[in-house]
Amino acid sequence: DKSDEYEADIHGMVLAARAGYNPYALPGVLTTIGNINPNDGAVSLLFSTHPSPRDRLDRIDAAVGDRLDRHADGIDNTPAFARFRK
């Protein structure tokens, strides 16, 4: 259910912060996805099964605001994640 996605976004950000990662990486990814044409075959399924990136970002902002700012200097990149960028 799409409403579960909003809850998962917030919980994921909190878990990332608690683990020492930058919780704002998710909004960064959502911003990137939001800049892709929704008719692009690479993301069309995502857009049909998930709330729009803009809606998710708005909900994150409303729920989180600046409460995780003290964790924004958390880890952004690790060798384990870097291999997925290629």
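Residues numbered from 1 in each chain as written. Predicted model: local features only at pLDDT ≥ 70, side-chain atom pairs only at ≥ 80, totals over all residues. Heavy atoms only, no water.

### Some remarks on the packing of helix α2 (residues 25-34) against helix α4 (residues 53-64)
When two helices pack together, their arrangement is given by the angle between their axes and by how far apart the axes lie. Stated formally: Think of each axis as a best-fit line through the C-alpha atoms, taken over the contacting stretch in the case of a helix, with angles from 0 to 180 degrees between the N-to-C directions. Secondary structure elements follow DSSP: runs of H or I no shorter than four residues count as helices, runs of E no shorter than two count as strands, and numbering proceeds from the N terminus. Angle categories are assigned with fixed cut-offs, so that under 35 degrees is roughly parallel, over 145 is roughly antiparallel, 65 to 115 is roughly perpendicular, and the rest are oblique. Rotating anticlockwise by less than a right angle from the far helix to the near helix defines a left-handed crossing, while the corresponding clockwise rotation defines a right-handed one. Note on definitions: a residue-residue contact is assigned when non-hydrogen atoms from the two residues lie within 4.5 Å.
With their axes 9 Å apart at the nearest point, α2 and α4 run at an angle of 155° to one another. Between α2 and α4, the angle is such that the two are roughly antiparallel. Where α2 crosses over α4, the two elements pack in a sense that is left-handed. Every residue of α4 that contacts α2 at Leu-26, Pro-27, Leu-30, Thr-31, Ile-33 and Gly-34 is listed here: Pro-53, Arg-56, Leu-57 and Ile-60.

### Points about the nonpolar core
What counts here: To qualify as a nonpolar core, a set must consist of buried Ala, Val, Leu, Ile, Met, Phe, Trp, Tyr and Cys residues joined through side-chain atoms within 4.5 Å. Burial classification: accessible surface area is computed with a 1.4 Å probe over protein chains only, and a residue below 20% of its type maximum counts as buried, one above 50% as exposed, and the rest as partly exposed.
Counting residues in each nonpolar core, the largest one holds 7 residues, listed as Met-13, Ala-17, Leu-30, Leu-57, Ile-60, Val-64 and Leu-68. When contributions to this core are tallied by element, the ones reaching two or more residues are α1 (2-18) and α4. The leading source of residues in this core is α4, at 3 residues. When neighbours within four sequence positions are excluded, Met-13 is seen to be in contact with Pro-23, Tyr-24, Leu-26, Pro-27, Ile-60, Val-64 and Leu-68.

### What to know about α1
One turn of the α-helix equals 3.6 residues, which is why residues spaced by three or four share an orientation. What counts here: Every helix has an expected span of 1.5 Å times one less than the residues it contains. Each direction from the helix axis to a C-beta atom contributes to the arc, which is the arc of those directions.
Between its terminal C-alpha atoms α1 stretches 25 Å, which fits the 24 Å expected from 17 residues at 1.5 Å a residue. Within the sequence span of α1, burial applies to Tyr-6, Asp-9, Met-13 and Ala-17. Viewed along the axis of α1, the buried residues span an arc of 55°, placing them on a single side of the element. Projecting away from the buried face of α1 at angles above 90 degrees are the exposed residues Leu-15 and Arg-18. Of the residues one or two after α1, Gly-20 is the one with positive phi, at around 95°.

### Description of the pattern of salt bridges
The test is simple: Basic side-chain nitrogens of Lys or Arg form a salt bridge, by our definition, when they fall within 4 Å of a carboxyl oxygen of Asp or Glu.
Per the counting criterion, the structure on display carries 3 salt bridges. Measuring nitrogen to oxygen at the nearest pair gives 3.2 Å for the salt bridge that ties Glu-5 to Arg-56. Of this pair, Glu-5 sits in helix α1 while Arg-56 sits in helix α4; the two residues are 51 residues apart in sequence, bridging distant segments of the chain. Look at Glu-5 and you get partly exposed, because its relative accessible area is 22%. Judged by its relative accessible area of 8%, Arg-56 is buried. Here the salt bridges do not stand alone but share partners, grouping Glu-5, Asp-9 and Arg-56 into one network.

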